[in-house]
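Chain by chain, the residues run as shown.
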Amino acid sequence: MSDSDLNGSEVATDTPAEGDHADGEVETGADADAAAETDSRGLQAAGSETTDDGSNPPLQVEGLHKSFGGITAVDGTSFEVAAGSLTGLIGPNGAGKSTTFNCITGVHEPDSGLVRLKGEDITGLAPHDIADRGLVRTFQIAREFAEMTVLENMMLAPMHQRGETLWRSILPGTRDSVIEQEQEELERSWEALEFFEIDHLADEYAKNLSGGQRKLLELARALLTDPDVLLLDEPFAGVNPSLEERLLDHIHELSDSGYTFLIVEHDMDLIMQNCERIVVLHQGRVLTKGTPDEVRSDERVLEAYLGGEVES
Amino acid sequence: MSETEAPAEASDGGLFDRGGNDLLLIGAVLAAIYLVYAGVAVLLDLRVAGTLIDLTRWIGLFAIVTLALNLHWGYTGLFNIGVVGFMGVGVYATAVASKPVATDAAAGATGGFGLPLWLGIIIGGIVAGLFGLVIALPALRLRADYLAIVTVAVSEILRFVFRNRSIASFDVGGRSVGLGGGDGLQLDWGSEAELLLDALFLGGVYDWLVNTLEGTVAGNPEAIADGIVYGLILIAFVIGYYLLLQRMANSPFGRVLKAIREDEEAAGSLGKDTARFKLIVFMIGCGLMGVAGVVWFMNAGGQGTINSTQFRPELTFYVWIALIIGGAGSNTGSVLGGAIFAAVLFQGPRFLQDVIREFVNLQQAPLGDVPGSFGAAMAPVSGNLDVVPLLLYTASRISDMQLLIMGLVLIWLMHNRPEGMLGHRKEHAAAVSLDRPEDTSSKGFALTTDGGTTDATDGGQTDE
């Protein structure tokens, strides 16, 4: 039922709280413009606007439907992810998290509904096209390029590299510009590896990394694409507690510096403690959304997790 | 990865260092092969020049086709087991383009368009590449193993197309052209060596070579000159292929290819249009195979004619064995694999047979006669358990056991060294050395600055 997601006032009221985490300077700059531009969208939009260019939240999902055979996996899901926020998408098993995620990232084409990225309709585009527009995902089980070194994994990530065009890489005249860009990518890759503290593994094959290190590598790699929105699919699955802590620190740090995150997670506690906004899915619909406190106070959430029949 | 590799890896800092080492490696392996062949040939008084020219021919041919296959399989993970089909498309296209115009169509002679040979070779490559594109458009959408089925099926279909009577000969603008049907096509454009040298304005060199040989060497000087020049042309092709593919591999383009090989979906999730890359690579690889096919069949395999029976799948599998020996994913390994396959597994048994025949003839008196047939070889075994005739028979026909030897080597390789000679090696797919630049530690990743307030220019999302 998409009505529930129109309780935008809830969302709007919690934006000041979000400001604690998200960097203030970006918000204050764009806030006024955004508020002016988005009268029609009302308070809700104004509160969440932090993008420089547009009047839309970076990611909007509207009335998403997807069914497989007779089973409806996603049934009219609508939510949005505010710029610079750390938004969690949670729900019990079979709530439609993964399908929603796959519809957003282009793995599945939704039966109906819209996915907007920075106001632009990206519904049904190919995954690489969606990534190209600034929505980059990671995988539940990290998918490193096993027989490439960590550094090669990183160097692959930047978008639109000149040398990806074959003739530029081959022809003598144009190869210099490729090499020049490679040098820049190389520096950024090393910096990112240092940031994630895996630079000592740079020349190691990615397949030799531990599960947690692969998660770090995947996140680092995704960052090098310069994404507008990062979708993390269960980033903490199979990660030991100390590494989980490290991963969380990194995510918070990135979030503070302006990156927008949508995290799909199974572990409710983790999301409650770390996300500013939470969207709870149940049986393919949005059960509730808001701040952790709001979600926690909603009895239906607990019931859903305990497997009860819930009116959404 | 292993400790023993450390010195080689330590010095692979720059592209040129690495290239230097690899050239040394290739040079050393080739020198060893040639020394063994030349030494044995001289000792046993076999025809030395002919042996070495043959050896060069096969090493060169296997090296270029293996390089082309390495682009498909070693770099991109495209399972192409229809190599011979694309080689066939190339050489047939070249034949149609460059065969002399048939003067007497009434006599049933199939001609061509009479274009210069160098142009014909380019056309052969383009046609094979476009043909690959047509195959790839539907097939690359399928899962990887289906590409294998499609390619092997296509190469078999092509073999029947080549011998199809209805396109054996037809008229295009009054010229009788065609694929020759079951009779095949005669590549009657003359000496390839001379034509290709002429195209490079080096015709004088060829004449000079023939004149020089005329006085000094027994036999037909033109045939020997052709052999030498053909060998040189092959070496030039190997170098050209190697440099082209190395440049492709050491670039962002090559990096995407490797990523597709490792995990196509993940590459897509990073915004790489994997389908486009696969199409381009499949097309280029097929084009290279097409050109290799022209070079292969214009002289070596067909003795001046091509026929559908030459395009059997075993040729594809020879190339695969060469690639596995050398190590998929390494261009240097491909050259080495091609050379070793050609020298040891392909020419080796034939050469060994020559050697054994010489040897057995010398020892004829003490060991007895070599049996003339398998039955004659078996008779003493069942009679009085005398295995000597059977051993002699086997030794005298060792080249017939070529496939058996290949199979054994392949099984051994799969068990003990599936990554081949150089497949284990880290060859960075980048246009620059991946060493840590001097200054990164001082600058730090943009995001490490607290709060990220000042880094809008670098890495943050606010730079748009």
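Residues numbered from 1 in each chain as written. Chains lettered and ligands numbered in written order. Predicted model: local features only at pLDDT ≥ 70, side-chain atom pairs only at ≥ 80, totals over all residues.

1. Remarks on the overall build of chain B
Which entries qualify depends on this criterion: In this text, helices come from DSSP runs of H or I with a minimum length of four residues, and strands from runs of E with a minimum of two, each type numbered from the N-terminal end. We call a residue exposed when 12 or fewer other C-beta atoms sit within 10 Å of its C-beta, buried when the count reaches 20 or more, and partly exposed for counts in between; the C-beta positions come from the backbone. By the convention adopted here, residues make contact when the C-beta atoms placed from their backbones lie within 7 Å.
In terms of helices and strands, chain B carries 20 helices and four strands. Per-residue burial over chain B gives 44% buried out of 464 residues. Within chain B, counting contacts between residues at least 6 apart in sequence, those at least 24 apart form 71% of the total.

2. Observations concerning the overall build of chain A
Counting its regular elements, chain A contains 14 helices and ten strands. A separation of at least 24 residues holds for 67% of the contacts in chain A among residues at least 6 apart in sequence.

3. With respect to the environment of I33 of chain B
All names here are of chain B. Along the chain, I33 turns up in helix α2 (residues 15-43). Of the residues examined, I33 has 19 C-beta atoms within 10 Å and is grouped as partly exposed. Taking the C-alpha atoms as reference points, I33 and S98, 65 residues apart in sequence, are found 36 Å from one another. If we skip the residues at most four places from it in the chain, I33 touches A339 and A343.

4. Looking at unusual backbone geometry
Residue and element names in this part refer to chain A. Positive phi values are uncommon outside glycine, yet E197 reaches one of about 55°. A positive phi is found at E234, a non-glycine position, where the angle reads about 40°. Judged by local crowding, E234 falls into the buried class, with 20 C-beta atoms found within 10 Å.

5. Looking at the pairing of strand β2 (residues 71-81) of chain A
In summary, the side chains of a regular strand alternate between the two faces of the sheet. Residues and elements named next belong to chain A. Rules: By this definition, two strands are paired if DSSP reports at least two bridges between them.
Within β2, eight of the eleven residues are buried, which leaves the element mostly enclosed by the surrounding structure. Pairing between strand β1 (residues 59-68) and β2: eight bridges, direction antiparallel. Note that in β2 the partner of L59 across the bridge is V81. The loop that links β1 with its antiparallel partner β2 comprises two residues; one of these, G69, has a positive phi angle of about 60°.

6. Some remarks on the sheet that holds β1 of chain A
Residue and element names in this part refer to chain A. Pairing is antiparallel in the open sheet, where four strands are placed in the order β2-β1-β4-β5. Both edges of this open sheet fall to β2 and β5 (120-121), since each of them pairs with a single strand only. For β1 and strand β4 (residues 112-117), the ladder comprises five bridges, and the chain directions are antiparallel. Within β4, the residue paired with L59 across the bridge is L117.

7. Concerning the sheet that holds strand β8 (residues 260-264) of chain A
Sheets are built from strands paired through backbone hydrogen bonds, the pairs being either parallel or antiparallel. All names here are of chain A. Heads up, the rule is: The convention used is that axes are lines fitted to C-alpha atoms, helices contributing only their stretch in contact, and that angles between N-to-C directions extend from 0 to 180 degrees.
Pairing is mixed across the open sheet formed by six strands, whose spatial order is β6-β7-β8-β3-β9-β10. Across the chains shown, the open sheet's two edge strands, defined by having one partner strand only, are β6 (135-137) and β10 (285-290). Sheet twist, expressed as the average angle between the axes of neighbouring strands with direction ignored, equals 20°. Bridging between strand β3 (residues 86-90) and strand β9 (residues 277-282) involves four bridges; their strand directions are parallel. Directly across from T87, in β9, lies its bridge partner R277.

8. Observations concerning helix α3 (residues 48-75) of chain B
Residues and elements named next belong to chain B. To keep it simple, the criterion reads: Working rule for helices: expected span equals 1.5 Å times residues minus one. The seven residues ending at a residue and the seven starting there each receive a fitted axis; the angle between those axes is the bend at that residue.
Taking 1.5 Å per residue, 28 residues should reach 40 Å; α3 reaches 38 Å between its end C-alpha atoms and fits that length. Helix geometry: α3 is bent most strongly at L69, by close to 35°. A large share of α3 lies buried, amounting to 21 of its 28 residues. Following α3 by one or two positions, G77 has its phi on the positive side, about 75°.

9. Structural notes on the confidence of the model for chain A
Quick note on the threshold: On a scale of 0 to 100, pLDDT captures the predictor's confidence in every residue.
Of the residues in chain A, 80% have a pLDDT of 70 or more, and the chain-wide mean is 81. A low-confidence stretch, residues 1-54 of chain A stays under pLDDT 50, and its non-local contacts, those more than four residues away or across chains, total 88 contacts.

10. Some remarks on the packing of α3 of chain B against helix α13 (residues 313-326) of chain B
Packed helix pairs are specified by the crossing angle of their axes together with the interaxial distance, meaning the distance between the axes. All names here are of chain B. The cut-off we apply is this: Put simply, angles under 35 degrees are roughly parallel, angles over 145 are roughly antiparallel, angles from 65 to 115 are roughly perpendicular, and the rest are oblique. Following the grouping adopted for this structure description, the nonpolar residues are Ala, Val, Leu, Ile, Met, Phe, Trp, Tyr, Cys and Pro, the charged ones are Asp, Glu, Lys and Arg, and the polar ones are all others, Gly among them.
Running from N to C, α3 and α13 cross one another at 75°; their axes reach a closest spacing of 9 Å. One finds that α3 runs roughly perpendicular with respect to α13. Between α3, through F62, V65, T66, L69, N70, W73 and G74, and α13, the contact on the second element is made entirely by V319, A322, L323 and G326. Within the contact of α3 with α13, the residues separate by chemical class into seven nonpolar, four polar and no charged.

11. Notes on the environment of S169 of chain A
For S169 of chain A, the position within the fold is in helix α8 (residues 166-170). As a C-alpha pair, S169 of chain A and I271 of chain A span 102 residues in sequence and 44 Å in three-dimensional space. If we ignore the near neighbours within four places in the chain, the residues touching S169 of chain A are G163, R175 and V178 of chain A together with R247, M248, S251, P252 and F253 of chain B.

12. Quick notes on the packing of helix α4 (residues 83-98) of chain B against helix α5 (residues 117-139) of chain B
All names here are of chain B. The condition that has to hold: Each crossing gets its hand from how the near helix is turned against the far one by less than a right angle, where anticlockwise is left-handed and clockwise is right-handed.
Here α4 crosses α5 at 140°, and the two axes come no closer than 7 Å. In this view, α4 runs oblique relative to α5, as classed from their interaxial angle. As α4 runs across α5, the sense of the crossing is right-handed. Across from F86, V89, G90, V91, A93, T94, A97 and S98 in α4, the residues of α5 making contact are L117, L119, G120, I121, I123, G124, G125, V127, A128, F131 and G132. Looking at the contact of α4 with α5, its residues break down into twelve nonpolar, seven polar and no charged.

13. What to know about the confidence of the model for chain B
All names here are of chain B. With 86% of its residues at a pLDDT of 70 or more, chain B has an overall mean of 82. Confidence drops under pLDDT 50 across residues 1-17; counting only partners more than four residues distant or on other chains, this segment forms eleven contacts. Taken together, the stretch residues 448-464 has pLDDT below 50 and engages in 35 contacts with residues farther than four places along the chain or on a different chain. In the predicted assembly, ipTM is 0.81 and pTM is 0.84.

14. Let's talk about the pairing of strand β7 (residues 229-233) of chain A
Residues and elements named next belong to chain A. Across the five residues that make up β7, a large majority, five, are buried. Bridge analysis of β6 against β7 gives three bridges, and the strand direction is parallel. Bridge pairing links V136 to L230 in β7. With five bridges joining them, β7 and β8 adopt parallel strand pairing. Counted as the bridge partner of D233 is V264 from β8.

15. Observations regarding the environment of V115 of chain A
All names here are of chain A. Within the element layout of this structure, V115 appears in strand β4. By C-beta crowding, V115 is classed as buried, having 23 other C-beta atoms within 10 Å. Separated by 66 residues in the primary sequence, V115 and Q181 place their C-alpha atoms 33 Å from one another. Discounting residues that sit within four places of it in the chain, V115 has contacts with V61, C103, I104, I122 and T123.

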